[in-house]
Amino acid sequence: MFMAAIRTNFLTNRIFWLNFSFWFLFFAYKLYDFTNHMEMKVAIARIGLPMFFHIILSYTHYFFILPDLLRTKRVIRYFSRLIPAIAIIMFFQVLAENQVFNTIWPSDYFQSFSWSRFVSTLWDQMSFMIFTGMIKFAVDWFELENQKKELQNQKLNAELNYLKAQVNPHFLFNTLHNLNYLTQAKKDEASEVVIRLSNIMRYMIYDSSKSEVPVEKEVGYIKDYLNLEEIRLNNNFDIAFNTEIKNSGVMIAPLILIPFVENAFKHGISDNRPDSWIRMDLKVTAEELSFESINSVYNKKRVEEQSGFGLENLKQRLKLSYPDKFSLEVLDREMEYCVKLKVDLS
């Protein structure tokens, strides 16, 4: 059990080398200092013997006593284990020092156990134990922060995937509805509809699940969507989609523009209103994406009743994909509806 704990929590990471380096440097410096005043074997014994007991107490505390305190927060139980451990290890340290040091380096200091020796021994033991305990605190804190970040990323990815899953079926059902209408009313254009639909499906299935896609793919998706709507509505409206992409390598989150396009058609275009219109402008540089959509409003009450969920869904996706890096402005006027989106891509 003990060896398994060491392998799992200590030897398998860089903390081992941090601790090893500390003890090695301490021993090396002390050896260099002591050999200026005593023989090598005496210096090694004088440094190594106490250090052996320091190590025993430090890592008994590190592996078995301190983790219980961190887990249970029971301070009384912590000290009830720590104090006996210190007493037992100090007892054997004093016995060992009296036996070994009186043999190789006779001194009255190691023939008795005075108050000053007790304080000195306890001070050394506590100093090393506290230092290694601080390493434990630091390691656990970093591990906890990493776990929090990992859980947060998993939560954000799950939430983002959920929001995408809400978007995809919505577009799919609309497109299939359009296809059903077109294959019945305009059979000569059914082939083009199938091609456009396959492009849309390919994007939705293979690309929308990615965190980022080339901006040209999002533009291509929009153009296929516009083409299907033009066929369905018999081009009986005024539409303009202007793009200015200065950097073809720009990557963006998928399906962040389509909801604006769909809403523009839902609330701004009607077969019964030949004066319906939509105007969209997309500008993309390496640093920023700017999109503006303006459409006519033919049924103000319908817009107020149906608006909200789709926009809130999109806002949430933008918050997850571009936290603190986007601005969304909605201008709901009497005869037109305007949306302005800016995303910092730097």
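A quick note: this is a predicted structure, and the numbers were derived from the prediction, not measured.

**Student:** Describe the pattern of salt bridges, and please don't skip the residues or the numbers.
**Tutor:** One pass over the full model with this rule turns up six salt bridges. The residue Glu97 makes a salt bridge to Arg117 at a minimum N-O spacing of 3.0 Å. In this pair, Glu97 sits in helix 4 (residues 75-104) while Arg117 sits in helix 5 (residues 115-185), placing the two residues 20 residues apart along the sequence. Exposure remark for Arg117: the relative accessible area of 1% places this residue in the buried category. Across the salt bridge formed by Asp224 and Arg196, the nearest N and O atoms sit 2.7 Å from each other.

**Student:** Report on the packing of helix 2 (residues 15-34) against helix 3 (residues 40-72), specifying residues and quantitative values.
**Tutor:** Running from N to C, helix 2 and helix 3 point in directions that differ by 155°, and their axes come no closer than 10 Å. The angle between helix 2 and helix 3 places the two elements in the roughly antiparallel class. Seen from above, helix 2 lies across helix 3 with right-handed handedness. For the pair formed by helix 2 and helix 3, the contact residues are Ile15, Asn19, Trp23, Phe26, Phe27, Lys30, Leu31 and Phe34 on the first element and Met40, Ala43, Ile44, Arg46, Ile47, Gly48, Met51, His54, Ile55, Ser58, Tyr59 and Tyr62 on the second. Looking at side-chain class alone, the contact of helix 2 with helix 3 contains 14 nonpolar, four polar and two charged residues.

**Student:** Please set out the sheet that holds strand 5 (residues 288-296) residue by residue, giving values where relevant.
**Tutor:** By way of backbone hydrogen bonds, the strands of a sheet pair with one another, either parallel or antiparallel. Read from one edge to the other, the open sheet built from five strands follows the order 2-4-5-7-6, with strand pairing classed as mixed. Edge positions in the sheet fall to strand 2 (238-245) and strand 6 (326-332), since each of these pairs with one other strand and no more. Across the sheet, the mean angle separating the axes of adjacent strands is 5° when strand polarity is ignored. Pairing of strand 4 (residues 277-284) with strand 5 involves seven bridges; the strand directions are antiparallel. Looking at the pairing, Ile278 lines up with Asn295 of strand 5. Strands strand 2 and strand 4 of the sheet are contacted by helix 7 (residues 215-232), whose axis makes an angle of about 170° with strand 2. This element, helix 8 (residues 258-268), spans strand 2, strand 4, strand 5, strand 6 and strand 7 (336-344) of the sheet and lies at about 10° to strand 5.

**Student:** Describe the packing of helix 7 against helix 8, listing the residues and the values that go with them.
**Tutor:** One can describe the packing of helix 7 onto helix 8 by two numbers: an axis separation of 10 Å at closest approach and a directional angle of 15°. If you check the angle between helix 7 and helix 8, you find them roughly parallel. The chirality of how helix 7 crosses helix 8 is right-handed. Where helix 7 abuts helix 8, its residues Glu218, Tyr221, Ile222, Tyr225, Leu226 and Glu229 lie against Ile258, Val261, Glu262 and Phe265. Here the residues of the contact of helix 7 with helix 8 sort into seven nonpolar, no polar and three charged.

**Student:** How would you sum up helix 2? Please name residues and give values.
**Tutor:** Taking 1.5 Å of rise per residue, 20 residues should cover 28 Å, and helix 2 covers 29 Å from first to last C-alpha, within 8% of that figure. When we look at burial in helix 2, the residues that qualify are Ile15, Phe16, Asn19, Trp23, Leu31 and Phe34. Burial along helix 2 is one-sided: seen end-on, the buried residues are contained in an arc of 130°. Opposite its buried face, helix 2 presents the exposed residues Trp17, Phe24, Leu25, Tyr29 and Tyr32, each directed more than 90 degrees away.

Scoring rules and cut-offs
Residues numbered from 1 in each chain as written. Predicted model: local features only at pLDDT ≥ 70, side-chain atom pairs only at ≥ 80, totals over all residues. Heavy atoms only, no water. Salt bridge = Lys/Arg side-chain N within 4 Å of Asp/Glu carboxyl O. Helix = DSSP H or I, 4+ residues; strand = E, 2+ residues; numbered from the N terminus. Buried < 20%, exposed > 50% of the residue type's maximum accessible area, 1.4 Å probe, protein only. Axes fitted to C-alpha atoms, helices over the stretch in contact; angles between N-to-C directions. Parallel < 35°, antiparallel > 145°, perpendicular 65-115°, else oblique. Left-handed = near helix turned anticlockwise from the far one by under 90°. Contact = heavy atoms within 4.5 Å. Nonpolar A, V, L, I, M, F, W, Y, C, P; charged D, E, K, R; others polar. Pairing = 2+ DSSP bridges. Expected span 1.5 Å × (residues − 1). Arc of directions from axis to C-beta.

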